[in-house]
Amino acid sequence: PVLLRNDGGNRRPWISVRLIGTRSNRDAVGARIVLEAGGRTQLREVNPFGSYQSQSSYAVHFGLGDAETVERLSIRWPSGLEEELTDLPVRRFITVTEGKGITAEEEP
């Protein structure tokens, strides 16, 4: 076991995205998320099964460096549906439901 401690605080922007499938599987396993912010592009896949005898979170977390907004968030769901969200605020936990866009947003 490892204990990680954040002594630096929450100084840098970030966003955490949780997907809920409706046509796809409920946990959106296999969905691809492409994020564009601050001139950089990041790609993540929903895959909580990367550990031995354990499981990671279904939420996908992005560190944003100095970017103060997410210009574009593109989601390709396992069903093949593609969605695009623009101009998202940072330092938020958001939930995106397939075909409905953002259905929940929470500040830490």
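This is a predicted model, so every value here is computed, not measured. (Residues numbered from 1 in each chain as written. Predicted model: local features only at pLDDT ≥ 70, side-chain atom pairs only at ≥ 80, totals over all residues. Heavy atoms only, no water.)

Q: Even after reading the chapter, I still don't get the overall build of the protein, so can you show me in this structure?
A: The helix and strand tally for the protein stands at 0 helices and 8 strands. When the elements of the protein are put in sequence order from the N terminus, they spell out β-β-β-β-β-β-β-β. Compactness check: the protein gives a C-alpha radius of gyration of 14 Å against a globular reference of 13 Å for 108 residues, within 12% of the reference. By its C-alpha atoms, the protein is 40 × 40 × 25 Å across when sized along the principal axes. The buried share of the protein, taken over its 108 residues, is 34%. Put simply, 49% of the contacts in the protein that link residues at least 6 apart link residues at least 24 apart. When the 14 basic and 15 acidic side-chain charges of the protein are each reduced to a single mean position, those positions are 4 Å apart. (Helix = DSSP H or I, 4+ residues; strand = E, 2+ residues; numbered from the N terminus. Rg over C-alpha atoms; globule rule 2.2 N^0.38 Å. Buried < 20%, exposed > 50% of the residue type's maximum accessible area, 1.4 Å probe, protein only. Contact = heavy atoms within 4.5 Å. Lys, Arg positive; Asp, Glu negative; His and termini not counted. Charge placed at Lys NZ, Arg CZ, Asp CG, Glu CD.)

Q: Got a minute to help me understand the pattern of salt bridges in this structure?
A: Where side chains of opposite charge bring their charged atoms close, a pairing between them can arise. Summed over the entire model, instances satisfying the criterion amount to 10 salt bridges. A salt bridge links Arg18 to Asp27, with the nearest nitrogen and oxygen atoms 3.7 Å apart. When its relative accessible area of 28% is taken as the criterion, Arg18 is described as partly exposed. Beyond isolated ion pairs, a larger network of salt bridges with shared partners links Glu36, Arg72 and Glu84. (Salt bridge = Lys/Arg side-chain N within 4 Å of Asp/Glu carboxyl O.)

Q: I would appreciate a short explanation of the environment of Gly80 in the present structure.
A: In this structure, Gly80 sits in the loop between β5 (70-76) and β6 (82-88). Considering only alpha carbons, one finds Gly80 and Asp7, 73 residues apart in sequence, at a separation of 41 Å.

Q: Would you mind going over the sheet that holds strand β4 (residues 60-63) with me for this structure?
A: Hydrogen bonds between backbone atoms are what pair the strands of a sheet, whose relative direction is either parallel or antiparallel. Taken in spatial order, the 4 strands make up an open sheet running β4-β1-β7-β8, and their pairing is mixed. Two strands in the sheet have a free side with no partner beyond their single neighbour: β4 and β8 (101-106). Ignoring which end each strand starts from, the neighbouring axes of this sheet average 25° apart. Pairing of strand β1 (residues 14-20) with strand β7 (residues 92-97) involves 6 bridges; the strand directions are parallel. Bridging across to β7, Val17 finds its partner in Ile94. (Pairing = 2+ DSSP bridges. Axes fitted to C-alpha atoms, helices over the stretch in contact; angles between N-to-C directions.)

Q: Quick question: what am I supposed to make of the pairing of β5 here?
A: Each regular strand shows side chains that alternate between the opposite faces of the sheet. Relative to β5, strand β2 (residues 32-37) runs antiparallel, the two sharing 5 bridges. Bridge pairing in β5 links Val34 to Ser74. As defined by bridge partners, β5 adjoins β6 across 6 bridges and the pair is classed as antiparallel. The partner of Leu73 across the bridge, within β6, is Leu85.

Q: For this particular structure, what's the right way to read the nonpolar core?
A: Generally speaking, a soluble globular protein has its nonpolar side chains buried in company with each other. If you look at the biggest cluster of nonpolar residues, it comprises 22 residues, and the most contacted ones within it are Leu19, Ile33, Leu64 and Leu73. Within the residue set of this core, elements represented by two or more residues are β1, β2, β4, β5, β6 and β7. Those residues in contact with Ile33 that sit more than four places away from it in its chain are Val17, Leu19, Gln42, Leu43, Arg44, Val46, Val60, Phe62, Leu73, Ser74 and Ile75. (Core = buried A, V, L, I, M, F, W, Y, C linked by side-chain atoms within 4.5 Å.)

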